Amino acid sequence: MIEGITFITVEGVVEYLLPCSFQKLKDVESIIKIVDIDGRDQVRDFAEDMERMLGSKMKSVKFDYYNSMLVNTADEDGNFIELGGDDVQVPTNVYNKDPNLSIYYLLLSLSPLCKDAYILNGIYWSEALNDVFMNNFQKDPTLTWQYFGSSSGFFRIYPGIKWTPDSNGVAAFDCRNRNWYIQAATSPKDIIIVVDISGSMKGLKMTIAKHTINTILDTLGENDFVNVIAYTDYVRYVEPCFKGTLVQADLDNREVSPLSSSGNLCLSSSLCGASSQAATKGQGSLCNQAIMLITDGAMEDFKDVFEEFNWPDRRVRLFTYLIGREMTFADNTKWIACNNKGYYTHISTLADVQENVMEYLHVLSRPMVINHNHDIIWTEAYMDTLFATKAQSLLLMTTVAMPVFSKKKETLSHGILLGVVGSDIPLLEVMKLAPRYRLGPHGYAFLITNNGYILAHPDLRPLYKEGKTLKPKPNYNSVDLAEVEWEDIDEILRTAMVKGEMGTLSLNVRASVDKAKRPLFLTNDYFYTTINDTPFSFGMVLTRGHGQLMFMGTVSVEEGLHDLTSPDLSISNEWTYCETDIDPHHRKYSQLQAVIRYLQGKEPDLECDEVLLQQTLFDAVVTAPLESYWQAIMLNASGMEMGVETAFLGTRSGLIRLTRYTGIETRVAKTFLTPADKDNLFTVDHFPLWYRLAMENPPGRFIYYIPVEDKDNRDKTGTIPIIQGWGPSLSSMVEANRCVSNRVSLYDYQGMCRSGHSHSSSARPLLSVSHVYQYFLTLKKSLFAETFAIRLCTSLKQTTLSSLAHKAKRTDALQPCDTEYPGFMLDNSIKETNSLLKCGRCQKMFVVQAVPDSNLVLMVVQADCDCSRQYSSITLEPKEVKYNASVKCNRMKSQKVRRRPKSCHAYHPKENAKDCGGASEISLSVMLFLASLATSLALRRWT
């Protein structure tokens, strides 16, 4: 068997193909060699390449920025310059850019404390970033989006795009809600949300409270931990399974359910219980700790509780949100926040929620800003459809970001965060640094985060189809490595990688190909290491028998170029033979065009993979005789058998030779080996299906298969060298007697199942338990928790939380689930067998015989006996794995290993705690005066 070259053809041609090809191989045998691949060296080399690449992206967010005084910019005629352009976006809820901007410009000069003036000033001084972004792009043309998100809400992006509001005219995008902004602005957080559902929290108040909870949860990420406690005349964890725990705030868990109001206010025990969780050592993020109190009033200040458990250091911050228009208990609510290094806000309408919730991020950022720490952060994988192009909208990205803050000495204790600067990196570009040809037909590379979540993996399926539309799965970026590499039962691989270790591991795995219809038994060697200066770990798989040797040969460029330009030859356009994205002039070339022009000396500036080019040239020379051979068969009428449509060949270098024997009009397999047929082409994720099946067969043995997705127009393909395979469906009689096949169980932890549950159209379920692989860290009870519980409640009455909003309706929506499905493997030890099935009043005889040198079996069945009632059809459709409540809860609460971020800025002794919200330092009368003065001056100017 020749490693790296697979000869592919169709029925009736192979016996003539081999002598021709091997003769050519003998001609170049003296210049070939077999190269051993050292997995340890290769994984290190790939990781170092990724480290350099990601390091260059980090440089794009590291730059000097300047403090700005208030700036009024005017043109030569004295007119104020129009703000920004397509590169600046301001959310509707922050600032409405109306035609009468002159009033705002006057306010800008008259009242520096006016919020709109602050926004305008920020837009002006940040215009200098455009030059920085352009310079970055000139240095690194592979940069995609670069941007700055201001703490006041405006968003500057390069290159600029045209922002369009939604159907209601609202620009809803707020950069401060994005994970890159939140992670860069604050260190990891342990958040306990305490929500008042007493009798006074009815109607609009409860609606505002639920929206406030949702908004807080939207500011949390996978490095944060959270729980929600509701209180009335007793304390209740909204999800009983999470009692005494902090749950990791990934997408799957940041979903909130409706709450109802009933009973009387009983607050103190809720605060104690929440503070107990936030202050417990050894759990959660072990960084920022905060309690978010959402209520329409606190009847006391609970000073004695805080004196005993939180003072003098005040390590647990208290943020209070006073809901509704009433201000009866505002003083106590504000006192709680101001005396626990938190922030107090008054939320009287739904429109107030977003801006008021954002204030807590600014408070948590103070220690980092005072320390002048420019910590670089990297986000988990995400798909951002808001300002990506249509081609990019479904690409997985990661963001590198860094905080930007004021360096003025006079405001140092205030810790003023100006915003966050960031840049997007498509993960596909990162993974191209581990090229497919270096990994073999079954090998692959993957990336995970410090939490064990997948950034990139060929088996990650982030999308699902609803009707004809592809949509991201709800939990697409919180898929754990253990859910994909599920044969690693003890999670040895996951644990080592999450800890940032370097090492190897061998596993016998049940893999599947052809849309999970065809199982394969493989032995995988895993190699893994960390990527320095990032929270990521990199892994690589080489499959024994195919990935650890590489076939190398050397031919002259002239000879190789001649054969590379053959009309029957193509190479993978998804592989990087030459880098065409660096120079815009090169982007018009396909990979084959780029390779040819580089070898011809017409594009010497192209950066090309010399090893891959060498392999490609060699494969082109060795397989060149096939072109004339296939053409000769086409011209010789007696040499072509009926039904043969296509002859094709593939090599490890991504080269395909292809000859069509029938026109598209009469061809049965019309899409086979066309650009739309991704499964059968060399892609960035995998080798072609026929190639992978071929590599699992001994030399000289054919494999036949019918494409699963093409049930009506079935075509046959033959490949050599090949191993055992089995088709997508089996007779129930074969399964019943287990005569020629072995059944194996396969699992999918990324499934989507019909829920069939009642669903409220008004809200999301609070801390959903639908997914079974989450990370929860159990917290120990403390005296603080007991005291708090006693003070918050006067009784512990069991009631249920029910929806106040819309009537629940029955839906059949797709939800994430775990599934199990069968696979079947041909037993090659059985050449022939027969049996007799009893089917009621008759008997059915059948005979099964293996077809020599193939994966086919011939089955002859007695037709005059109906066995459909006794033996149902065998289906390969996945079935949902159901978990009872106890098992589900235990699995969800089980602790998985994670690596905490290296930096934590939760406390600074110089922090100014006096800025804790509430009334503005400028009285209402002063603001009205400034507004009137601005209007008067504007009218004089216009007249």
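Note on numbering: residues in each chain are counted from 1, in written sequence order. Where totals are concerned, whole chains, interfaces and linings use all residues; where local detail is concerned, this predicted model gives features only for residues with pLDDT of at least 70, and gives and counts side-chain atom pairs only at 80 or more. Here the side-chain values reflect all heavy atoms present in the structure, with hydrogen atoms and water set aside.

A. Up close: the pairing of strand 6 (residues 189–196). Of all eight residues in strand 6, eight are buried; the element is thus mostly enclosed. By the alternation rule, side chains of strand 6 split into K189, I191, I193 and V195 and D190, I192, V194 and D196, which are all buried. In short, DSSP must find at least two bridges between two strands for them to pair. Per the convention used, a helix needs a DSSP run of H or I reaching at least four residues, while a strand needs a run of E reaching at least two, with both numbered from the N terminus. In this structure, strand 6 lies alongside strand 7 (residues 225–231), joined through seven bridges in parallel fashion. For I193, the partnering residue across the bridge sits in strand 7 and is V228. Handedness of a crossover is defined as follows: orient the strands so they point away from the viewer, and if the path from the first strand over the helix to the second runs clockwise, the crossover is right-handed. A crossover connection joins strand 6 to the parallel strand 7 through helix 7 (residues 204–217); in handedness this β-α-β unit is right-handed. Remark: exposure states derive from per-residue accessible area (1.4 Å probe, protein chains only) relative to the maximum for the residue type, with buried under 20%, exposed over 50%, and partly exposed in between.

B. Local environment of the state of the cysteines. Two cysteine sulfur atoms form a disulfide, by the criterion used here, when they sit within 2.5 Å. Taken as a whole and assessed by the stated rule, the structure comprises six disulfides. Sulfur-sulfur distance for the disulfide between C578 and C608 comes to 2.0 Å. A torsion of 105° about the S-S bond marks the disulfide between C578 and C608 as right-handed. Taken together, the positions of C578 in strand 25 (residues 578–579) and C608 in strand 26 (residues 607–608) put the pair 30 residues apart, joining distant regions of the chain.

C. Region of the structure containing the packing of aromatic side chains. Pairing of aromatic rings covers Phe, Tyr and the six-membered ring of Trp, with a centre-to-centre limit of 6.5 Å; geometry is then stacked below 30 degrees between planes, edge-to-face above 60, and tilted otherwise. Applying the stated criterion to the full structure yields 25 aromatic pairs. When the ring of F155 is compared with that of W180, the centres are 6.1 Å apart and the planes differ by 40°; the resulting orientation is tilted. Placement of F155 in strand 5 (residues 155–158) and of W180 in helix 6 (residues 179–185) is noted, with a sequence separation of 25 residues between them. By the burial criterion, F155 is buried, and W180 matches it. Note on F319 and Y360: the rings are 5.7 Å apart at their centroids and 70° apart in plane angle, and the pair reads as edge-to-face. Here Y360 lies in helix 11 (residues 353–364) and F319 lies in strand 11 (residues 316–323), a separation of 41 residues in the sequence. Pair check on accessibility: F319 and Y360 agree, each one buried. Among the aromatic residues, those joined into a ring-pair cluster are W575, Y577, F648, F672, F682, F687, W690 and Y691. Sitting over the ring of Y907, R315 keeps its end group 4.0 Å from the ring centre. Think of it as a cone above the ring: NZ of Lys or CZ of Arg counts as a charge over the ring if it is within 6 Å of the ring centre and within 35 degrees of the ring normal.

D. Geometry of the sheet that holds strand 30 (residues 741–754). If you trace the three strands from one edge of the open sheet to the other, you get 30-34-38, paired in antiparallel fashion. Bordering the open sheet on either side are strand 30 and strand 38 (879–880), each of which pairs with just one other strand. Here strand 34 (residues 814–826) pairs with strand 38 via two bridges, running antiparallel. Its bridge partner being in strand 38, T819 is matched across the sheet by E880.

E. Fine view of the nonpolar core. Joining through side-chain atoms within 4.5 Å is the link that ties buried Ala, Val, Leu, Ile, Met, Phe, Trp, Tyr and Cys residues into a set, and such a set is a nonpolar core. Residues F446, L447, Y526, F538 and L564 are the most contacted members of the largest nonpolar core, which totals 137 residues. Note on contacts: a residue pair qualifies if any of its non-hydrogen atoms lie within 4.5 Å across the two residues. With near-sequence residues (within four places) excluded, F446 lies in contact with M431, A456, H457, L481, L493, M497, Y526, S537, F538, G539, M540 and V541. In this structure, I182, I197, M201 and I347 belong to the second largest nonpolar core, which totals 37 residues.

F. Quick peek at the packing of helix 7 against helix 11. One way to put it is that helix 7 packs onto helix 11 with a least axis distance of 10 Å and a crossing angle of 45°. Compared by their axis directions, helix 7 and helix 11 come out oblique. At the point where helix 7 passes helix 11, the crossing takes the right-handed sense. Here helix 7 contributes I208, H211, T212, T215 and I216 to the contact with helix 11, which in turn contributes V353, Q354, V357 and Y360. For this scheme, ten residues count as nonpolar: Ala, Val, Leu, Ile, Met, Phe, Trp, Tyr, Cys and Pro. Four count as charged, namely Asp, Glu, Lys and Arg, and the remainder, Gly too, count as polar. Of the residues assigned to the contact of helix 7 with helix 11, the class counts are five nonpolar, four polar and no charged. Fitted lines through C-alpha atoms serve as axes, helices being fitted only where they are in contact, and the angles separating the N-to-C directions of these axes extend from 0 to 180 degrees. Each angle receives one of four descriptions, namely roughly parallel if under 35 degrees, roughly antiparallel if over 145, roughly perpendicular if within 65 to 115, and oblique otherwise. Left-handed describes a crossing whose near helix is turned anticlockwise from the far helix by less than a right angle; the clockwise case is right-handed.

G. View of the confidence of the model for the chain. For the chain, per-residue confidence averages 77 on the pLDDT scale, and residues scoring 70 or more make up 74% of the total. Per-residue confidence from the predictor is reported as pLDDT, which spans 0 to 100. Scored below 50 in pLDDT, residues 757–810 makes 195 contacts in the model with residues more than four places away or belonging to other chains. The model gives residues 920–943 a pLDDT under 50, and that stretch makes 19 contacts with residues more than four places away or in other chains.

H. Inspection of the pattern of salt bridges at higher detail. A carboxyl oxygen of Asp or Glu within 4 Å of a side-chain nitrogen of Lys or Arg is what we treat as a salt bridge. Going through the model one piece at a time under the given rule, you end up with 24 salt bridges. For K432, the salt bridge is made with E429, and the minimal N-O distance between the two is 3.5 Å. Across the pair K471 and E466 runs a salt bridge, and its minimum N-O distance is 2.5 Å. On the basis of relative accessibility, which here comes to 31%, the residue K471 falls in the partly exposed class. E466 gets classed as partly exposed once you look at its relative accessible area, which sits at 32%. The network of salt bridges with shared partners includes R317, K341, R366, E911 and D915.

I. Spatial organisation of helix 16 (residues 557–564). Looking at helix 16, one finds that the buried residues are G560, L561, D563 and L564. Each element contacted by the buried residues of helix 16 is listed here: strand 24 (569–571), helix 17 (591–599), helix 18 (610–622) and strand 28 (655–660).

J. Quick look at the sheet that holds strand 5. Strand order in this open sheet of six strands is 3-5-4-15-14-13, and the pairing throughout is antiparallel. Taken across any chain shown, the strands that pair with only one partner, and hence form the sheet edges, are strand 3 (88–89) and strand 13 (377–378). Both strand 4 (residues 146–150) and strand 5 contribute to a ladder of four bridges, which runs antiparallel. Of the residues in strand 5, the one forming a bridge with Q146 is Y158.

K. Local environment of the side chain of T646. By the secondary structure assignment, T646 is in strand 27 (residues 646–651). By relative accessible area, which is 5% here, T646 ends up buried. Polar contact is defined as a pair of N or O atoms within 3.5 Å, subject to the rule that within protein one atom must be able to donate a hydrogen and the other to accept it, and that residues adjacent in sequence are counted only when both atoms are side-chain atoms. Engagement of the side chain of T646 in a polar contact is seen with the side chain of R660, the distance being 3.0 Å.

L. Focus on unusual backbone geometry. Looking along the chain, the bond that leaves Y158 and enters P159 is cis, with omega of -5°. Structurally, the position occupied by P159 is in the loop between strand 5 and helix 6. Residues W311 and P312 are joined by a peptide bond in cis, for which omega reads 10°. The topology assignment puts P312 in the loop between helix 9 (303–309) and strand 11. Notably, D533 is not glycine yet its phi reads approximately 65°, a positive angle. Along the chain, the position of D533 falls in the loop between strand 21 (518–530) and strand 22 (537–543). A positive phi is found at D853, a non-glycine position, where the angle reads about 60°. If you trace the backbone, D853 turns up in the loop between strand 36 (842–850) and strand 37 (857–861).

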